[in-house]
Amino acid sequence: MDISVVIPLYNEEESLSELFQWIARVMKENHFSYEVIFVNDGSTDKSWKVIESLKAQAPDAVHGIKFRRNYGKSPALYSGFELAQGDVVITMDADLQDSPDEIPELYRMIKEEGYDLVSGWKQKRYDPLSKTIPTKLFNATARKVSGIHNLHDFNCGLKAYRNEVIKSIEVYGEMHRYIPYLAKNAGFKKIGEKVVHHQARKYGKTKFGLDRFVNGYLDLISLWFTSTFGIQPMHFFGLLGSLMFIFGLIAVMIVGFGKLIAMHSGVPYRLVTDSPYFYLSLTSMIIGTQLFVAGFLGELITRNAPERNKYLIEKTI
């Protein structure tokens, strides 16, 4: 099969039929064999009935997954990826803001130019400033942290992947924003970008609020930390804990020696416990010890994890 199209959706009953007909037309014009996988993320409208109707019309081309409740976009993509069989996997949103006319070029970039992943870039957006400005700041931060400097829009729903890529990564929580970063960490480094057309929303309203930017930054920090120190947590906690303990130890010694020198010189002095620096030093030593123990416990957990020796082997002969 040439292409699998994975479409996560939540309350998009108005657009599904139009979207599928558009996809089917593009596939027929380009002689692609294809499947469309709709992942109904706990919709409360008639989205699932529309999917069942489409399945009846095109039983070989349409597949549906229905969640009992709303889990989020990442679980929806993960479930769709598990089912996808196409050589190239395309993801797009169900709100008609992503154009299926982009599919042939995305497919060509994967198959002919050898990209592992191609991400869309909605260079001209039909969104309010309250969305576009935070998006620019978010993408700038993501480029800096991930090291993928050629992507302008990490969170664009329109992406294309080699099948091997989506079978090698785990999209969880709200990590759909960072699929290019996940792919890079999995060893897929040929990541490209294509300027795509962004259409104004035709039906309904957006399902995402401003809280996604806060969650996005937290997820980025989490992903950076786990990819950098996930296998060897002692390298982070142990080093930071040791530095804090040594700093606190030196500080408390300075406070103690200061009192001894004052006593030896016969000048007035105050008790060590009267100095705020003594308590700051003790606090630093205690926190340093806790961080070191956290790193040690992390190492024990990692050593017993079943994935501790799971490496990315591309080929054996």
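The shown structure was predicted, so the numbers you read here are calculated from the model rather than taken from an experiment.

## Observations concerning the environment of leucine 223
With respect to the element layout, leucine 223 can be found in helix H8 (residues 211-229). Apart from the residues within four sequence positions on either side, leucine 223 is in contact with Met175, Tyr178, Tyr181, Leu182 and Asn185.

## A look at the packing of aromatic side chains
Throughout the structure, instances matching the rule amount to 6 aromatic pairs. Aromatic pair phenylalanine 32 and tyrosine 107: ring centres 4.7 Å apart, planes at 55°, arrangement tilted. Taken together, the positions of phenylalanine 32 in the loop between helix H1 (13-29) and strand E2 (34-40) and tyrosine 107 in helix H4 (residues 103-111) put the pair 75 residues apart, joining distant regions of the chain. Grouping residues by exposure puts phenylalanine 32 and tyrosine 107 together as buried. Between the aromatic rings of phenylalanine 81 and tyrosine 161, the centroid separation amounts to 5.6 Å while the plane-to-plane angle is 70°, which identifies the pairing as edge-to-face. Taken together, the positions of phenylalanine 81 in helix H3 (residues 73-83) and tyrosine 161 in strand E6 (residues 159-162) put the pair 80 residues apart, joining distant regions of the chain. Under the relative-accessibility criterion, phenylalanine 81 is labelled buried at 2%.

## Concerning the pairing of strand E7 (residues 191-195)
With 4 of its 5 residues buried, E7 lies for the most part within the structure. Direction of pairing for strand E5 (residues 117-121) relative to E7: parallel, over a ladder of 5 bridges. For serine 119, the partnering residue across the bridge sits in E7 and is glutamate 193.

## Some words on the nonpolar core
Counting residues in hydrophobic clusters, the biggest one holds 37 residues, and the most contacted among them are Ile3, Val5, Ile7, Phe20, Phe38, Ile90 and Met92. Elements represented by at least two residues in this core include exactly strand E1 (3-9), H1, E2, helix H2 (47-57), strand E4 (88-91) and H4. Among the elements that make up this core, the one with the highest residue count is H1 (8 residues). Among residues more than four places away in sequence, those in contact with phenylalanine 20 are Tyr34, Val36, Phe38, Leu54, Ala58, Ala61 and Val62.

## Some remarks on the packing of H1 against H2
For the pair H1 and H2, the least separation of the axes is 8 Å and the interaxial angle reads 25°. The angle between H1 and H2 falls in the class roughly parallel. Viewed along their axes, H1 and H2 form a crossing whose handedness is right-handed. In this structure, H1 uses Glu13, Leu16, Ser17, Phe20 and Gln21 to contact H2, whose residues at the interface are Ser47, Val50, Ile51, Leu54 and Gln57. Class assignment for the residues of the contact of H1 with H2 results in 5 nonpolar, 4 polar and 1 charged.

## Notes on the side chain of serine 47
Within the secondary structure layout, serine 47 lies in helix H2. If near-sequence neighbours (up to four positions away) are discounted, serine 47 is found in contact with Leu9, Asn11, Glu12, Glu13, Leu16 and Asn40.

## Quick notes on a nonpolar patch on the surface
Together, Phe245, Ile246, Leu249, Ile250, Met253, Ile254, Phe257, Leu260, Ile261, Met263 and Tyr269 line one region of the surface with nonpolar side chains, adding up to about 1,100 Å² of accessible area. Inspection of the secondary structure puts isoleucine 261 in helix H9 (residues 234-265). A relative accessible area of 55% means that isoleucine 261 is categorised as exposed.

## A closer look at the pairing of E2
For E2, the tally of buried residues reaches 7 of 7 residues, placing the bulk of the element in the interior. Alternating residues of E2 divide into Tyr34, Val36, Phe38 and Asn40 and Glu35, Ile37 and Val39, and every residue in both groups is buried. By the bridge criterion, 7 bridges tie E1 to E2 in an arrangement that is parallel. Bridge assignment links serine 4 to a residue of E2, and that residue is glutamate 35. Crossover handedness for the path E1 to H1 to E2: right-handed. In this structure, E2 lies alongside strand E3 (residues 62-66), joined through 5 bridges in parallel fashion. Residue phenylalanine 38 lies in a different strand from E3, and its bridge partner there is glycine 64. This β-α-β element, E2 to H2 to E3, shows right-handed connectivity.

## So, the environment of leucine 117
Inspection of the secondary structure puts leucine 117 in strand E5. A residue is classified by how much of its surface remains accessible, and leucine 117, at 0% relative accessible area, is buried. If we ignore the near neighbours within four places in the chain, the residues touching leucine 117 are Ile110, Ala160, Tyr161, Ile179, Pro180, Ala183, Lys190, Ile191 and Gly192.

Parameters at a glance
Residues numbered from 1 in each chain as written. Predicted model: local features only at pLDDT ≥ 70, side-chain atom pairs only at ≥ 80, totals over all residues. Heavy atoms only, no water. Helix = DSSP H or I, 4+ residues; strand = E, 2+ residues; numbered from the N terminus. Contact = heavy atoms within 4.5 Å. Phe/Tyr/Trp six-rings, centres within 6.5 Å; stacked < 30°, edge-to-face > 60°. Buried < 20%, exposed > 50% of the residue type's maximum accessible area, 1.4 Å probe, protein only. Pairing = 2+ DSSP bridges. Core = buried A, V, L, I, M, F, W, Y, C linked by side-chain atoms within 4.5 Å. Axes fitted to C-alpha atoms, helices over the stretch in contact; angles between N-to-C directions. Parallel < 35°, antiparallel > 145°, perpendicular 65-115°, else oblique. Left-handed = near helix turned anticlockwise from the far one by under 90°. Nonpolar A, V, L, I, M, F, W, Y, C, P; charged D, E, K, R; others polar. Patch = residues over 30% accessible without salt bridge, like charges linked within 9 Å, V, L, I, M, F, W, Y side chains within 5 Å. Areas by Shrake-Rupley, 256 points an atom, 1.4 Å probe, with all protein chains shown as cover. Salt bridge = Lys/Arg side-chain N within 4 Å of Asp/Glu carboxyl O. Right-handed = clockwise from strand over helix to strand, strands pointing away.

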